[in-house]
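# Topology and contacts: notes
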There are 2 protein chains.
Amino acid sequence: MATMKDVAREAGVALGSVSRVINHAPGVKQKTIDKVNAAIKKLNYVPDEYARGLKVKSSKTVALILPSIWNLFFAEFAYYVEKYLAEKNYKLLLCNYSNNPKAEQHYIKMAKQNKIDAIICITYDDLDKYFYAGIPLVSIDRYFEQKISYVTSENYEGGRLAAEELLKHGVKHPAFIGTYNHNPSDVMKRHKGFAEYLSEQGYEFADVYLLEPVTKEEEETELFKLLDKNPEVDGIFCNTDSLLLDVKNWLAQREISVPEQIQLIGYDGIKPDFNSELGISTIRQPLPEMAKCAVEMVIEKVEQHRDEQRIERFPVSYIEGNTTKNI
Amino acid sequence: MATMKDVAREAGVALGSVSRVINHAPGVKQKTIDKVNAAIKKLNYVPDEYARGLKVKSSKTVALILPSIWNLFFAEFAYYVEKYLAEKNYKLLLCNYSNNPKAEQHYIKMAKQNKIDAIICITYDDLDKYFYAGIPLVSIDRYFEQKISYVTSENYEGGRLAAEELLKHGVKHPAFIGTYNHNPSDVMKRHKGFAEYLSEQGYEFADVYLLEPVTKEEEETELFKLLDKNPEVDGIFCNTDSLLLDVKNWLAQREISVPEQIQLIGYDGIKPDFNSELGISTIRQPLPEMAKCAVEMVIEKVEQHRDEQRIERFPVSYIEGNTTKNI
DNA sequence: CTGAAAGCGCTTACAG
DNA sequence: CTGAAAGCGCTTACAG
């Protein structure tokens, strides 16, 4: 493969000049630019990012660290992150966090080894490790201790909206199901918003709010405990769409019909892909915009060496599906 | 950050010796190894992959090129590919193929620039470009012109199985819906297997088999044309689970009930995540095994410079869900 | 078994 | 505006 030296020889200029035209350095004569570009074309030259990276200590790569790409919410997010990163000429290294226990360790080491420029990270575990590795970081949904920047949705408003829609659809005995982590996260505001709206309207609600880690079986058990104790429940706000899907299956197994007997509203707005719908009723987060924002924030940190904390919250909207009744 | 030179100084050995112990070169005295390792620990040294990559022309990275990670089938596949790659100390660069039209071009250039060791590729468009870029390649579902290795499922058997299950579930008037690409792919055998099984059993079937590219709207239109012409249809084999989900929504809009009026069987076995189920009836591909095989094939090509064509087909199984009737 | 040295392909002061 | 040169942090023959 042709190297920069070959290009220089072909163009009849010095090595440095080739480098300058490639990097669009200011103050290069047009004639030189033309000669170099002609030589590049002729030799089909493409610069070696590794040699470049060795000098400039950057790889134009950001690592996306998440529990698992195998999840429609994360998959859509990753899709857009990659898309916006590619537009800015950055690459995406995919890191499935939850594969192995020592994964954090592994990925931090990798980040150092490979001159990862930055990290976009979705984890409800401790972020300190990344943070202290000195690599620019933006997180999703995380809380604001230790000045980590993050992007999230209007979780509090989303919780209120879910409650409001449930009531609007005729629910008289609402319930909540979801989990939370001991690390504070913005996501917890969904529960708060839900609770506060209902109390303002003079409603009580049955509550299954479990501290992680928690298995599916436990969630199922708790749901049915709740239903046994509160057989009048006729509407449930599920903290995520994933959970809604599970709840729907569990209810189906006991022959409880959705939405006739119990109406369900989820959170996230997941879709099977770009142009399909799951058809569930849910509070949709504007994922494309959120991904774009995360990319911009992280690139700003990298290129402008800014490291103050920034928090962006995006508005949510209600999507009517078939897990609520027609009004 | 500490460099190899620092480690050498700290350990009181030459640069080359440090390199040798890091790379587990044979014939290094145990005492040297110990000294070096101690220095590495002490200085918290981690080797720079870029300097290494510059010398050895490898990055321990494979690019996963696919239409879109935003798709449960691809997301699960990517999840396992990353997992197995990580086990072998390789990294995964994620490339969403369908973002932009000139993406192929872009990703090939990137591959060259970044010393991508290999490509795992899911695309039903032309693969020539990757192939001729001289980078080891394994594909999914692709056909065997030009000696490209691939892994796929027993598509023919899967098609037969779908037909068999439909009949077993009492379907009298089966139909097929799906699309195909002008590039021959193993996936087309699903249609063939389906057709042949039915004809062996003395059944006819209504067929919507469309050449891509095709929009959702066209698929929907064709489906209803078929249903108008063949109102007796009571069971449909959908070429993919994604499509099944759409078909289900379309039928719901016309108040055709599934599975009471029409039973549906899909193909793929997609799940929302590791421990949830969508609850649809489908022909499941063993994705973890397929991903593992793809990773092994590609690493074998890289490390053993093998480039003969290899084809692996994995057996499928029927998963009973709620889009077919209980028998 | 291990030093000393060359070189991978770039970038970037430093002269001029 | 552009050459010539040093150097980024490694690996790997080559001696010894």
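Residues numbered from 1 in each chain as written. Chains lettered and ligands numbered in written order. Predicted model: local features only at pLDDT ≥ 70, side-chain atom pairs only at ≥ 80, totals over all residues. Heavy atoms only, no water.

Chain A goes by LacI family DNA-binding transcriptional regulator in an unreviewed UniProt entry, where it is assigned to Lactobacillus jensenii.

Residues and elements named next belong to chain B. Following both chains from N to C, one finds helix H8 (residues 155-168) and helix H9 (residues 189-200) inclined at 45°, their axes separated by 6 Å at the closest point. Put simply, H8 runs oblique to H9. Handedness of the crossing formed by H8 with H9: right-handed. Here Asn155, Tyr156, Gly159, Arg160, Ala162, Ala163, Glu164, Leu166 and Leu167 of H8 lie close against H9, whose contacting residues are Lys189, Arg190, Lys192, Gly193, Phe194, Glu196, Tyr197, Leu198 and Glu200. Across the contact of H8 with H9, the residue classes break down as eight nonpolar, three polar and seven charged. (Axes fitted to C-alpha atoms, helices over the stretch in contact; angles between N-to-C directions. Helix = DSSP H or I, 4+ residues; strand = E, 2+ residues; numbered from the N terminus. Parallel < 35°, antiparallel > 145°, perpendicular 65-115°, else oblique. Left-handed = near helix turned anticlockwise from the far one by under 90°. Contact = heavy atoms within 4.5 Å. Nonpolar A, V, L, I, M, F, W, Y, C, P; charged D, E, K, R; others polar.)

Next up on the list: the relation of the copies chain B and chain A. Mapping chain B onto chain A calls for a screw motion: a turn of 180° about the axis and a shift of 0.0 Å along it, with 0.1 Å RMSD after fitting. Here the transformation between the copies is reduced to the relation of a two-fold axis. (Least-squares fit on C-alpha atoms with pLDDT ≥ 70 in both.)

With that out of the way, let us pick up the protein's contact with DNA strand C. Near DNA strand C, the surroundings consist of 26 residues, among which Met4(A), Ser19(A), Ala14(B), Thr32(B) and Lys55(B) are the closest. Close to the protein, within 4 Å, the atoms of DNA strand C are drawn from sugar and phosphate at a rate of 66%. Here a phosphate oxygen of DNA strand C sits 2.7 Å away from a polar atom, N or O, in the side chain of Tyr45(A). Between DNA strand C and Asp48(A), the relevant distance is 3.4 Å, taken from a phosphate oxygen to a main-chain nitrogen or oxygen of the residue. (Near = heavy atom within 4 Å. Polar contact = N/O pair within 3.5 Å; in protein donor to acceptor, adjacent residues only side chain to side chain.)

Before going further, it helps to examine the side chain of Asp273(B). Here Asp273(B) lies in the loop between strand E9 (263-268) and strand E10 (282-284). For the buried Asp273(B), which has no salt bridge, the nearest side chain bearing the opposite charge is Lys216(A), at an N-O separation of 4.4 Å. Of note is the side chain of Asp273(B), whose polar atom sits 3.0 Å from the backbone nitrogen of Asn275(B). Ignoring anything within four residues of it in the chain, the contact list for Asp273(B) reads Trp70(A), Lys216(A) and Ser242(A). (Buried < 20%, exposed > 50% of the residue type's maximum accessible area, 1.4 Å probe, protein only. Lys, Arg positive; Asp, Glu negative; His and termini not counted. Salt bridge = Lys/Arg side-chain N within 4 Å of Asp/Glu carboxyl O.)

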